[in-house]
Amino acid sequence: MTVVQLTPASSAPRRQLGRIHVPNVTMAHGGGGKAMRDLIDDVFVAAFDNPALSTMEDQARFRLAELTAHGDRLAMTTDSYVIHPIRFPGGDIGKLAVCGTINDLAVGGARPLYLSCAVIIEEGLDVDTLREIAGSMARTAAAAGVSIVTGDTKVVDRGACDKLFINTTGIGVIREGIELGVGRVRPDDVIMVNGLLGDHGAAILNARGDMALSTPLESDCAALHGLIGTLLAAAPGTRFLRDATRGGIATVLNEIAEASQVGILIHEERTPLRDEVRGFCEILGLDPLYLANEGKIVCAVPPDQAEAALAAMRNHPLGRDSAIIGHATDGRPGRVVMHTVFGGRRIVDMLVGEQLPRIC
Amino acid sequence: MRYVDEFRDPEKARNLLKEITGLSARLQSGKARPLQIMEVCGGHTHAIFRYGIETMLPDEIELVHGPGCPVCVLPMGRVDDCVTLTEIPGLIFTTFGDAMRVPGSKKSLLQARSEGADVRMVYSPLDSLRIAQENPDREVVFFALGFETTMPSTAMTVLRAEAEGITNFSLFCNHITIIPTVKAILDSPELELDGFLGPGHVSMVIGNAPYDFIAGQYRKPIVVAGFEPLDILHALWMVLKQLDEGRSEVENQYARVVPKDGNPVALDAIGKVFELREFFEWRGLGSIDHSGVRMRRPYEKYDAETKFAIRSTRIADPKSCQCGEVLKGVIKPWECKVFGTACTPETPLGALMVSSEGACAAYYQFGDVEKIHARRAEVKAVEPMMARTRS
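Quantities reported herein were computed from a predicted structural model and do not represent experimental measurements.

**What about the overall build of chain B?**
Next up, step 1: Within chain B one finds 16 helices and 13 strands.
Next up, step 2: The C-alpha atoms of chain B give a radius of gyration of 21 Å, which matches the 21 Å a tight globule of 391 residues would have.
Next up, step 3: Here chain B holds 391 residues, and the buried ones make up 58% of them.
Next up, step 4: Long-range pairs, those at least 24 residues apart, make up 78% of the contacts in chain B with a sequence separation of at least 6.
Next up, step 5: Carbon and sulfur atoms provide 52% of the accessible area of chain B, an area that totals close to 16100 Å².
Next up, step 6: Seen as two clouds, the 45 positive and the 52 negative side-chain charges of chain B have centres 2 Å apart.

The structure is reproduced here in structure tokens:
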């Protein structure tokens, strides 16, 4: 994918960036004065390094002609990222914030172009950690071909937030002819996922260290627009895509069933799971269908394009373990039913509140 | 996954189901009602729904979901006591995850936390002890609940607290014991159970011998069962086999885990720390003699009830709830007047709607809702007739 070249708002020469010389963020870094300017320059402008940001205007500016060259509709999304711990196996809050927003654009069929980055920092966070997270955001964005073009920095009292919260807003462009929607799924459409489920949710729970379990689980955090581009090229009739984040694939399937008024039938034995995740869920009494993912999509494809879609996804590095897990039905509209590996069947309902480990 | 997939083999399940279908048809033949087998343990209830086992069984068998979810049988007054404890300034209250949502008369622990109480979810009582060590200037209370399954780890935590001289740690003890409860169910005049699936995890601690009275005095077969779906089908088949052969014995399907005489180390720790309470209240079942435990005198300093002078008040269950009848197997969850209407997992009125091990929550979340509605309509149609029969 080509990296989008931004047109700077003005041709003024780039400023000399400031430096901070203290190990931790203090309230002064949120005060609007020189300390704040130095923090922004040293950490964010240096890491994100693009002309639109470096001009330090209050907004990023885009030439409409450059946007319309990519398609006929703008897509915009925003999400806030709060996660404990902020570094986890397979990623960190910065990578998550960039990938999550890219994915929210991509599942609408949009090509992600620009991101904003607003941070809320807890007083006392060490500057090196902040630098590391900003670096991670920059690397992830560059690899995905998007630019972080504007942002905001706030510092709050110790205890008022947990280390670092990040909000990213994204803008992308949807190519003509792509029509995806949660209400567009029809009976017989094939339901697929692009790989092993629940890795992120299990890795995060494990990284909190409460369970003292030793597993090599890593988050699946990844930007999926490349995979989605491949899928849409192979199966242009794709009806619906959604990244299965909080609430897992069970929540996405219920959303499809309700909005499209179809039944969904899935098969437990075809649902791809890593043995470690299965074991993790067995120990804690959790259901992997509800575990969060950060690099997995659920898609609904017309039956005649399903094989092409599956082959295309499996050819992509982020879709090697793609699988057809079920299909939409015309019976029991609004319901998701799973044929269990054991030969029974059960309803897969929306989760009420968060999943809580069972007592025994 | 080794040692798990072997117990979920659909081919073996089909063979067992064939046997079960044949046996149950013969046993039920000519009788007005299906054979009723109660699974006492909430873990079994969860597995039955998780794998859709009920949907595979012939109509001649009805599973009755017993009182084995410790979260579900927690009386409302005890939840109120927890909330009172969380209001003590500086106190850290620790609990297992699924106890957080249990409704008290005013709020749940989850609501108390959202209002500022320091309520923390732990995975073991030892985590709670660690929190106490890390916060020596604060009191830490662990919400100890569960049957004999969780009792040993609580007892051992108390023993460790004493060995390490930790004084800012205590238990709010709500542990319960299974045997008096099964006896209370068996003594219920409305009951028509044909047999039992015995609880696997509890039996791992107490062994099989305590169930002898079920087979001897009450002439009901009981088979201690594991928690994998094949375990449950196998144990059901063993119960039917006993019925077919006119036997009532205590059998152990879960022998790979459950020793006949239980776990002496765990029993020793329980015996050191706990003694039976004269009576203990169960949600939906009322007070059952000697069904709960409290801490023995030498360990009183670790008893939050004494330490913080908790005076438990009895709060009556909501009138509309029929949890007690569901727990005893007298009615099915979907026959309750408020099931799925006023009482849902989002707004649980009754305890059985709280934990995923609760029969009502399991029916609501995993069950066949259309089937439930159809059965509900049938129940409504025959209700006047049933009322006449009961009176």
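Moving on from the coordinates now.
**So, the sheet that holds strand 3 (residues 92–95) of chain B**
Residues and elements named next belong to chain B.
Next up, step 1: Taken in spatial order, the four strands make up an open sheet running 4-3-5-6, and their pairing is parallel. One side of each edge strand has no neighbouring strand; the edge strands of this open sheet are strand 4 (119–121) and strand 6 (169–175). On average, adjacent strands in this sheet sit at an angle of 25° to one another, irrespective of strand direction.
Next up, step 2: The sheet contact formed by strand 5 (residues 140–146) and strand 6 spans seven bridges and is parallel. Across the sheet, residue Gly146 finds its bridge partner in strand 6, namely His175.

**Quick look at the state of the cysteines**
Next up, step 1: Summed over all chains, the structure comprises zero disulfides over all chains.
Next up, step 2: Between Cys99(A), a free cysteine, and Cys221(A), which holds the nearest cysteine sulfur, the sulfur-to-sulfur gap is 4.1 Å.
Next up, step 3: Accessibility expressed as a relative area gives 2% for Cys99(A), which makes it buried.
Next up, step 4: Residue Cys360(B) stays outside any disulfide, its sulfur separated by 5.8 Å from that of Cys323(B), the closest cysteine.

**Describing the interface of chain B and chain A**
Next up, step 1: Chain B puts 48 residues into the contact, and the matching count from chain A is 30 residues.
Next up, step 2: Summed over both partners, the interface of chain B with chain A buries about 3300 Å², with 56% contributed by carbon and sulfur atoms.
Next up, step 3: Linking chain B with chain A are one salt bridge, by the criterion used here.
Next up, step 4: Across the pair Glu268(A) and Arg50(B) runs a salt bridge, and its minimum N-O distance is 2.9 Å.
Next up, step 5: Here chain B and chain A share five residue pairs in polar contact (both at pLDDT 80 or more) between them.
Next up, step 6: Contributions of two or more residues to the side of chain B that touches chain A are made by helix 1 (10–28), helix 2 (42–50), helix 3 (53–56), strand 5, helix 11 (229–244), helix 15 (359–366) and helix 16 (369–390) of chain B.
Next up, step 7: Per-element tally for the side of chain B that touches chain A: the top contributor is helix 2 of chain B, with four residues.
Next up, step 8: Tallied by class, the residues present in the side of chain B that touches chain A amount to 23 nonpolar, 12 polar and 13 charged.

Reading the values: the criteria
- Residues numbered from 1 in each chain as written.
- Chains lettered and ligands numbered in written order.
- Predicted model: local features only at pLDDT ≥ 70, side-chain atom pairs only at ≥ 80, totals over all residues.
- Heavy atoms only, no water.
- Helix = DSSP H or I, 4+ residues; strand = E, 2+ residues; numbered from the N terminus.
- Rg over C-alpha atoms; globule rule 2.2 N^0.38 Å.
- Buried < 20%, exposed > 50% of the residue type's maximum accessible area, 1.4 Å probe, protein only.
- Contact = heavy atoms within 4.5 Å.
- Areas by Shrake-Rupley, 256 points an atom, 1.4 Å probe, with all protein chains shown as cover.
- Lys, Arg positive; Asp, Glu negative; His and termini not counted.
- Charge placed at Lys NZ, Arg CZ, Asp CG, Glu CD.
- Pairing = 2+ DSSP bridges.
- Axes fitted to C-alpha atoms, helices over the stretch in contact; angles between N-to-C directions.
- Disulfide = S-S within 2.5 Å.
- Buried area = accessible area lost by both parts, 1.4 Å probe.
- Salt bridge = Lys/Arg side-chain N within 4 Å of Asp/Glu carboxyl O.
- Polar contact = N/O pair within 3.5 Å; in protein donor to acceptor, adjacent residues only side chain to side chain.
- Nonpolar A, V, L, I, M, F, W, Y, C, P; charged D, E, K, R; others polar.

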